[in-house]
Amino acid sequence: MESSDEYIDYVISKAREIGKEFVIDSGEGNDCADNEYGWYIENLSGWLVDVRDVEAVKAAKLEQVTDKFSNSYVFAYWGYDAEGKLSIRFEYAPNYDL
């Protein structure tokens, strides 16, 4: 478990499925209670980076993170697939103004 929130851990696991690590910045709304898991879910924003960059992102001040890792900034959008299963879609937002 990476965090104290199972939903955030789920998003992190989805990033790992594509060979990346997700470092959360903030919640972005579109929140809802997921009945299957009992989680509070919402869209998230953060950095989708290689594992070697996780500690640098976590340790950096916001200005340094946005300078060095601006091309890694993403929104993690939740939705349900055709079978009704929770899914996460990462969308890059390199020009997003923090």
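Remember, predicted model here, so these are calculated numbers, not experimental data.

Parameters and conventions
- Residues numbered from 1 in each chain as written.
- Predicted model: local features only at pLDDT ≥ 70, side-chain atom pairs only at ≥ 80, totals over all residues.
- Heavy atoms only, no water.
- Helix = DSSP H or I, 4+ residues; strand = E, 2+ residues; numbered from the N terminus.
- Buried < 20%, exposed > 50% of the residue type's maximum accessible area, 1.4 Å probe, protein only.
- Areas by Shrake-Rupley, 256 points an atom, 1.4 Å probe, with all protein chains shown as cover.
- pLDDT = per-residue confidence, 0-100.
- Phe/Tyr/Trp six-rings, centres within 6.5 Å; stacked < 30°, edge-to-face > 60°.
- Pairing = 2+ DSSP bridges.
- Axes fitted to C-alpha atoms, helices over the stretch in contact; angles between N-to-C directions.
- Salt bridge = Lys/Arg side-chain N within 4 Å of Asp/Glu carboxyl O.

**Re the overall build of the chain**
Reasoning step 1: Along the chain, the regular secondary structure elements total 3 helices and 6 strands.
Reasoning step 2: Reading the secondary structure of the chain in the N-to-C direction produces α-β-β-β-β-α-α-β-β.
Reasoning step 3: Burial status across the chain gives 38% buried among its 98 residues.
Reasoning step 4: Summing over all exposed atoms, the chain offers an accessible surface of approximately 6000 Å²; the carbon and sulfur share of this is 45%.

**Remarks on the confidence of the model for the chain**
Detailed reading of the predicted model is not advised wherever pLDDT is low.
Reasoning step 1: Averaged over every residue, the pLDDT of the chain is 88; the share at 70 or more is 89%.
Reasoning step 2: For the chain, the element scoring lowest by mean pLDDT is helix H3 (residues 62-69), at 73; helix H1 (residues 6-17) scores highest, at 96.

**Section: the packing of aromatic side chains**
Reasoning step 1: Applying the stated rule across the entire model yields 9 aromatic pairs.
Reasoning step 2: Look at Tyr7 and Trp39: their rings are 6.3 Å apart centre to centre, the planes differ by 55°, and that puts the pair in the tilted class. Of this pair, Tyr7 sits in helix H1 while Trp39 sits in strand S3 (residues 39-41), and the two are 32 residues apart along the sequence. A single burial state applies to Tyr7 and to Trp39, both of which are buried.
Reasoning step 3: Judged by centre distance (5.9 Å) and plane angle (45°), the ring pair of Phe22 and Phe90 falls under tilted.

**A look at the sheet that holds strand S6 (residues 86-92)**
Reasoning step 1: Ordered in space as S1-S4-S5-S6, the 4 strands form an open sheet in which the pairing is antiparallel. Looking along the sheet, the strands with just one partner apiece sit at the ends: strand S1 (21-27) and S6. For this sheet the average axis-to-axis angle between neighbouring strands, irrespective of direction, equals 35°.
Reasoning step 2: Pairing between strand S4 (residues 44-49) and strand S5 (residues 73-80): 4 bridges, direction antiparallel.

**Brief notes about the pattern of salt bridges**
Reasoning step 1: In this structure the tally under the stated criterion is 6 salt bridges.
Reasoning step 2: A salt bridge links Lys14 to Glu17; the nearest nitrogen and oxygen atoms lie 3.2 Å apart. Here the residue Lys14 and the residue Glu17 both occupy positions in helix H1, the gap between them amounting to 3 residues, near one helical turn.
Reasoning step 3: According to the relative accessible area criterion, Glu17 is exposed, its value standing at 58%.
Reasoning step 4: A salt bridge links Lys85 to Glu36; the shortest N-O distance between them is 3.5 Å. On the criterion of sequence distance, the pair formed by Lys85 in the loop between S5 and S6 and Glu36 in the loop between strand S2 (32-34) and S3 is long-range, its members being 49 residues apart.
Reasoning step 5: With relative accessibility at 40%, the residue Lys85 sits in the partly exposed group.
Reasoning step 6: Connected through salt bridges with shared partners, the residues Lys20, Asp50 and Arg52 form a single ionic network.

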